[in-house]
Amino acid sequence: AWPKIDIAKNPYKADFPLLAARPDLSFLDSAATSQRPASVLDAQRHFYESMNANPLRGLYSLSVEATEAIEKVRTQVARFIGADTAAEHSASGSDASRDIIFLRNTSEALNLVAKSFAPLVLSEGDEIALTIMEHHSNLIPWQEVARKTGAHLVYLRPSATGELSAQEIAEKIGKRTKIVAVGHVSNVMGVENPVAALACAAHKHGAYVVVDAAQSVLHMPIDVQALGADFLAFSAHKALGPMGVGVLWGRHELLERMPPMLTGGEMIDSVTEEAAVWAPVPEKFEAGTQDAAGIYALGAALRYITDEVGYESIQTRERALVHYLMSRMVELPFVDIIGSIYWDRHHGVVSFNVQGIHPHDVASILDAEGVCIRAGHHCAQPLLAWLQVEHRACCRASLAFYNDARDIDAFIAGLKKVWEVFHG
Ligand code: PMP
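Residues numbered from 1 in each chain as written. Predicted model: local features only at pLDDT ≥ 70, side-chain atom pairs only at ≥ 80, totals over all residues. Heavy atoms only, no water.

Looking up the protein chain in an unreviewed UniProt entry gives the name cysteine desulfurase, with the organism given as Collinsella ureilytica. Under the heading Cofactor (unreviewed entry), UniProt records this for the protein chain: "pyridoxal 5'-phosphate". The annotation that UniProt attaches to the protein chain under Catalytic activity (unreviewed entry) is "(sulfur carrier)-H + L-cysteine = (sulfur carrier)-SH + L-alanine". (UniProt positions renumbered as here; feature names shortened; annotations may be inferred.)

Laid out in structure tokens, this is it:
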């Protein structure tokens, strides 16, 4: 059954200044970046207006205030992804916020794991298992480390509807597997991957699990323990937060073993003419001045998600929106949906092609109608090649709880227009 809520009403739009100011626009590209509520923009401004100082550098109270504000967000993020319930922390009372590293985005976080952690566990002939659905961010860093270490990439291939079978998992994850890298939700197919099952298979063989949560964080609660992750990355900008802030969480003993990827200010304990002693985790990985206002605003974004809206409402509304979107799309005989035809497999993302029309043409005609979608290879070229998608490109409509029925109606009217332009 699909949730029967009134998606013509939109109680959230007023919270999002851009959406409120542009009622003519149907923003269906949240998988690329989400919109931001006023509370996030206000937080960013508030940081600069009332606590602006370089965190960590100063001994005066303004700088201390800035530092404390950032550390509070660290604690908040640890709770947000369930890192605070890890046995290692509950047993020892140690601080789970120390396992949260602030970086620029998911790409940087995954690069840190591939460049600093992977070489510690990979030797020639070892295997890195990843799905063919991975975003290039969770693919190219692994290609690079494979090349350097002599390890091999092994791809788990889903069915045409995006399902990874138990047999595929059993066949591809084995005793040579050292790392399993997986996207929690595919940015093209919208499917949720069976991360817990993959982690179970990985851990049975002593492999480590790296989860790219960039595409799931706005759509479902994240729990690193339940997922069985050893590392997990996400970007603030896909979760109502600012661009330029990303999070990497890792198991503490693994982070301890890793060398820093960047060196310089703020990441050392002491320096002599010859050498330096690294600061403890997480500062060891946070060289240079960070986007403190952005991190502070990420705190506001997570608060909006969990306290203002709540994942239950987010998911109920999003399911109703995706149901409506796909039921309207299947009425159009010239539209081919990529991946599952079942709406409940799509977590905010529906990719498609209009028969015989290049995705870029589709997107630009929709743009003229005020509808924002993405078209291209979606940084997932191996997936589009594997699915043998024509032009190796497709269109993608992606939504969030702040969309409404009007956005979808405009999109469907726009698709009819696309067909008319070419065939009318
Ligand atoms: N992984 C997935 C699944 C994504 O969708 C994206 C963004 N499109 C990324 C990683 C990269 O995120 P960022 O550009 O913020 O590094």
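Colleague: Which residues make up the nonpolar core, and what are the values?
Modeller: Grouped together as the largest cluster of nonpolar side chains are 110 residues, with contacts concentrated most on Ile81, Trp142, Leu232 and Phe401. For this core, the element with the most residues is helix α11 (residues 292-309), which contributes twelve residues. Those residues within four positions of leucine 232 in sequence are excluded, and the remaining contacts are Ile81, Val211, Ala213, Ile222, Val224, Leu227, Val247, Leu248 and Trp249. Counting residues in hydrophobic clusters, the runner-up holds 34 residues, among them Ala320, Val322, Ile408 and Ala410. (Core = buried A, V, L, I, M, F, W, Y, C linked by side-chain atoms within 4.5 Å. Buried < 20%, exposed > 50% of the residue type's maximum accessible area, 1.4 Å probe, protein only. Helix = DSSP H or I, 4+ residues; strand = E, 2+ residues; numbered from the N terminus. Contact = heavy atoms within 4.5 Å.)

Colleague: Help me get a handle on the pairing of strand β9 (residues 268-271), residues and values and all.
Modeller: As judged from the three bridges shared by β9 and strand β10 (residues 276-278), these two strands associate in the antiparallel manner. Considered in β10, the bridge of serine 270 is made with valine 277. Two successive antiparallel strands, β9 and β10, enclose a turn made up of four residues. (Pairing = 2+ DSSP bridges.)

Colleague: How would you sum up the sheet that holds strand β11 (residues 335-338)? Please name residues and give values.
Modeller: Taken in spatial order, the four strands line up as β11-β12-β15-β14 in an open sheet, and their pairing is antiparallel. Where the open sheet ends on each side, the last strands, each with one partner, are β11 and β14 (374-376). Looking at each pair of strands side by side, their axes are set apart by 30° on average, direction ignored. Sheet topology note: the strand β12 (residues 349-354)/strand β15 (residues 394-398) ladder contains four bridges and is antiparallel. Counterpart to phenylalanine 352 in the pairing with β15 is cysteine 395. The strands touched by helix α12 (residues 311-329) are β11 and β12; relative to β12, the strand with the most contacts, the crossing angle is about 15°. (Axes fitted to C-alpha atoms, helices over the stretch in contact; angles between N-to-C directions.)

Colleague: Tell me about the environment of alanine 69, and name the residues and values.
Modeller: Within the element layout of this structure, alanine 69 appears in helix α3 (residues 61-80). With relative accessibility at 10%, the residue alanine 69 sits in the buried group. Sequence separation of alanine 69 and proline 55 is 14 residues, and the distance between their C-alpha atoms is 9.1 Å. What alanine 69 contacts, discounting residues up to four positions off in sequence, is Met51 and Tyr296.

Colleague: Give a detailed account of the site of the ligand, specifying residues and quantitative values.
Modeller: The immediate surroundings of the ligand are formed by Asn105, Thr106, Ser107, His135, Ser137, Asn187, Asp212, Ala214, Gln215, Ser235, His237 and Lys238. Between the ligand and serine 107, the relevant distance is 2.6 Å, taken from an oxygen atom to a side-chain nitrogen or oxygen of the residue. Here the ligand, which alone exposes 400 Å², has 88% of that area covered by the protein. (Near = heavy atom within 4 Å. Polar contact = N/O pair within 3.5 Å; in protein donor to acceptor, adjacent residues only side chain to side chain. Areas by Shrake-Rupley, 256 points an atom, 1.4 Å probe, with all protein chains shown as cover.)

Colleague: Please give an account of helix α13 (residues 359-368) that cites residues and values.
Modeller: Within the span of α13, buried status applies to Pro359, Val362, Ala363, Ile365 and Leu366. What you see down the axis of α13 is that its buried residues fit within an arc of 165°, all on one side. Turned more than 90 degrees away from the buried face of α13 sit Asp367 and Ala368, all of them exposed. Along its buried surface, α13 packs onto β12, β13 (371-372), β14, β15 and α15 (405-423). Positive backbone phi, approximately 85°, marks glycine 370, located one or two places after α13. (Arc of directions from axis to C-beta.)

Colleague: Can you break down the pattern of salt bridges residue by residue, with the values?
Modeller: With the rule as written, the count across this model stands at 20 salt bridges. Between arginine 74 and glutamate 71 there is a salt bridge, with the nearest N and O atoms lying 2.9 Å from each other. Placement of both arginine 74 and glutamate 71 in helix α3 is noted, with a separation of three residues, approximately one turn of the helix. Under the relative-accessibility criterion, arginine 74 is labelled buried at 2%. Taken together, the shared-partner salt bridges in this structure form one network comprising Glu71, Arg74, Arg98, Glu283 and Glu286. (Salt bridge = Lys/Arg side-chain N within 4 Å of Asp/Glu carboxyl O.)

Colleague: Provide a residue-level description of the packing of aromatic side chains, including the pertinent values.
Modeller: The final tally for this structure, using the stated rule, is 14 aromatic pairs. Judged by centre distance (5.7 Å) and plane angle (85°), the rings of phenylalanine 47 and tyrosine 48 are edge-to-face. Residue classification places tyrosine 48 among the partly exposed positions, given a relative accessible area of 49%. Arranged with centres 4.9 Å apart and planes meeting at 55°, the rings of phenylalanine 117 and phenylalanine 231 form a pair that is tilted. A residue pair is termed long-range when its members are at least 10 positions apart, and phenylalanine 117 in helix α5 (residues 106-121) and phenylalanine 231 in strand β7 (residues 231-235) qualify at 114 residues. In terms of burial, phenylalanine 117 and phenylalanine 231 fall into one category: buried. Ring pairs connect the aromatic residues Tyr12, Phe16, Tyr304, Phe401 and Tyr402, which therefore count as one cluster. (Phe/Tyr/Trp six-rings, centres within 6.5 Å; stacked < 30°, edge-to-face > 60°.)

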